[in-house]
Amino acid sequence: MTPYDFDIPVDRRGTWSIQWDGAARRFGADGLLPFTISDMDFPSAPPVIAALQERVAHGVFGYTDWQNEEFRSAVRHWYRTRHATDIDTTRLVYAPSVLNQLSQLLRMWTGPGDAVVVHTPLYDGFRKAVTGLGRELRGVPVGDPAALEEALAGPGCRVLLLCSPHNPTGRVWTEAELTSFATLAERYGVAVISDEIHADFVHEGRRHLPWTRFGRGRWALITSGTKSFNFPSLTGSYGIVGNADDHAEFVRRMETGEGLASPAVLSLTAHIAAYREGAPWLDAVRAYVADNLSLVADRLNSAFPELSWSPPQAGYLAWIDLRGLGVDEDALQRELVEGEGVAIMPGGVYGARGFVRLNVGCARSKAEAGVSALVRALTRLV
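Now for a look at the structure at hand. Since we're looking at a predicted model, the values are computed, not measured.

Digging into the side chain of E177
- Following the sequence through the fold, E177 ends up in helix α7 (residues 175–187).
- Within the local environment of E177, its side chain forms a polar contact with the side chain of R171, the two groups lying 2.3 Å apart.
- Beyond its immediate sequence surroundings of up to four residues, E177 is in contact with R171 and V172.

What about the pairing of strand β7 (residues 219–223)?
- Burial within β7 is extensive, with five of its five residues counted as buried.
- Here β7 shows a buried face lined by W219, L221 and T223 and a second buried face lined by A220 and I222.
- In this sheet, β7 lies alongside strand β6 (residues 191–195) in parallel orientation, the contact comprising four bridges. Its bridge partner being in β7, S194 is matched across the sheet by L221.
- Two elements, β7 and strand β8 (residues 237–241), share four bridges in a ladder whose sense is antiparallel. The residue of β8 that forms the bridge with A220 is V241.

A closer look at the nonpolar core
- Counting residues in each nonpolar core, the largest one holds 88 residues, and the members touching the most others are W211, L300 and I320.
- The dominant element in this core, judged by the number of residues it contributes, is helix α10 (residues 279–303), at 11 residues.
- Counting residues in each nonpolar core, the second largest holds 26 residues, with V118, V130, A191 and I197 among its members.

Quick look at the pattern of salt bridges
- Here the structure, examined in full by the defined rule, presents 24 salt bridges.
- The salt bridge involving R216 is made with E186; its shortest N-O contact spans 3.0 Å. With R216 in the loop between β6 and β7 and E186 in helix α7, this residue pair connects regions lying 30 residues apart in the sequence.
- Using a relative accessible area of 51% as the deciding quantity, one classes E186 as exposed.
- When the shortest N-O distance is used, the salt bridge between E204 and R286 registers 3.5 Å. Of this pair, E204 sits in the loop between β6 and β7 while R286 sits in helix α10, placing them 82 residues apart in sequence.
- Residue classification places R286 among the buried residues on the basis of a relative accessible area of 11%.
- Overlapping salt bridges bring together R12, D39, D41 and K366 as one network.

Some details on the sheet that holds strand β2 (residues 92–95)
- Across the sheet, which stays open at both edges, the seven strands sit in the order β2-β8-β7-β6-β5-β3-β4 with mixed pairing between neighbours. Edge positions in the sheet fall to β2 and β4 (136–141), since each of these pairs with one other strand and no more. The mean angle between the axes of side-by-side strands here comes to 25°, regardless of whether they run parallel or antiparallel.
- Two strands pair when backbone bridges link them, and β2 and β8 are joined in this way by four bridges, in the antiparallel orientation. Bridge pairing in β8 links L92 to I240.
- Strands β3 (115–120), β4 and β5 (157–163) of the sheet are contacted by helix α6 (residues 145–153), whose axis makes an angle of about 160° with β4.
- On the sheet, helix α8 (residues 244–255) packs against β2 and β8 and is oriented at approximately 25° with respect to β2.

Thresholds, definitions, all that
- The residue numbers shown here count from 1 along each chain, following its written sequence.
- For this predicted model, a pLDDT threshold of at least 70 governs which residues receive local features, and a threshold of 80 or more governs which side-chain atom pairs are given and counted, while totals over whole chains, interfaces and linings are taken from all residues.
- Neither water nor hydrogens contribute to the side-chain values; these are computed over all heavy atoms in the structure.
- Secondary structure elements follow DSSP: runs of H or I no shorter than four residues count as helices, runs of E no shorter than two count as strands, and numbering proceeds from the N terminus.
- In protein, a polar contact means a hydrogen-donor-capable atom and an acceptor-capable atom, both N or O and within 3.5 Å, with residues adjacent in sequence counting only if both atoms are side-chain atoms; elsewhere, any N or O pair within 3.5 Å suffices.
- Note on contacts: a residue pair qualifies if any of its non-hydrogen atoms lie within 4.5 Å across the two residues.
- Whether a residue is buried, partly exposed or exposed follows from its accessible area with a 1.4 Å probe, protein chains only, as a fraction of its type maximum: under 20%, in between, or over 50%, in that order.
- Only when DSSP finds a minimum of two bridges between them are two strands counted as paired.
- Here, nonpolar core refers to any group of buried Ala, Val, Leu, Ile, Met, Phe, Trp, Tyr and Cys residues whose side-chain atoms link them within 4.5 Å.
- Throughout this description, the term salt bridge denotes a Lys or Arg side-chain nitrogen within 4 Å of a carboxyl oxygen of Asp or Glu.
- Angles shown run from 0 to 180 degrees and are taken between the N-to-C directions of axes, each axis being a line fitted to C-alpha atoms and, for helices, limited to the stretch in contact.

Remember, this is a structural readout, not a statement about activity or role.
Dropping the structure here:
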């Protein structure tokens, strides 16, 4: 038994939610049931909410110092207890978001026209960050080591940008794969940036290994507790920068050129509470989501055995390959939006037409409604 009831739906309409209130802008129709952007419909962990309420009750929200031992020790505790890894908290950095960290590191380690290697399909935030800075995006398919080496060895390559675990596929990299990435990066003089924001949502049978175990030369791990504990609107992320000079330069840029020396105090409060007291809640919500993903697999494979779909190794995003059904992506989106009244992300957003990404970080009833709508829409087209 769990003390948490994730079956109770939470009404998020009218809360300025991008997933709920922003669906009409993205999909062109009102009143859609959304399974889109990667946040969950669950309230955050009770210890997080309690800590936020206590901090709000204090009533003073002045400039805040993130370089305090409460925050550092909470991060250190989390990595030691969650990932069996000791980290050097003197190498911590802080920023408003993981993508903000990524952009800052790219400005530090690359110039206009330099290449950044990524695994495809690709989280669309990476594409926007890399190309928005005028860098070349050099994609290689997940699971193709020969293509990865060729891309890293190519002219102008400066950074390998990892997503670990991978978004949108939900793949958890093995120790052998991560060791290979480190060896190749060292061989070709390429820096590594590892985005590990989904690391705490790895499912049973898999283990996340932080990049701190593999980093050589120039590297950074960037992450946040906002994804797993569902408080992204509080903002806030942190990272670990391997090289002392790079660490000092990152902090200098944030405090001067970016003017971001003071973090959001509620973000710090939430992180500390989550990392000190939130593990039981996270384990419970992860198990609940795993059951949602099993539901999706059962419904899809019952209707379309040829799909033989398996849940992802991490996360609450079901990345579903529909190419075997021969369904046109645009036609499917019309059926989903106009015929079923649901919003499900098309694979083309991530450079992989013929796929969909279905967010099941939600009450079971909503997950059932989403996969049922997808099956009905596919049945009409097939």
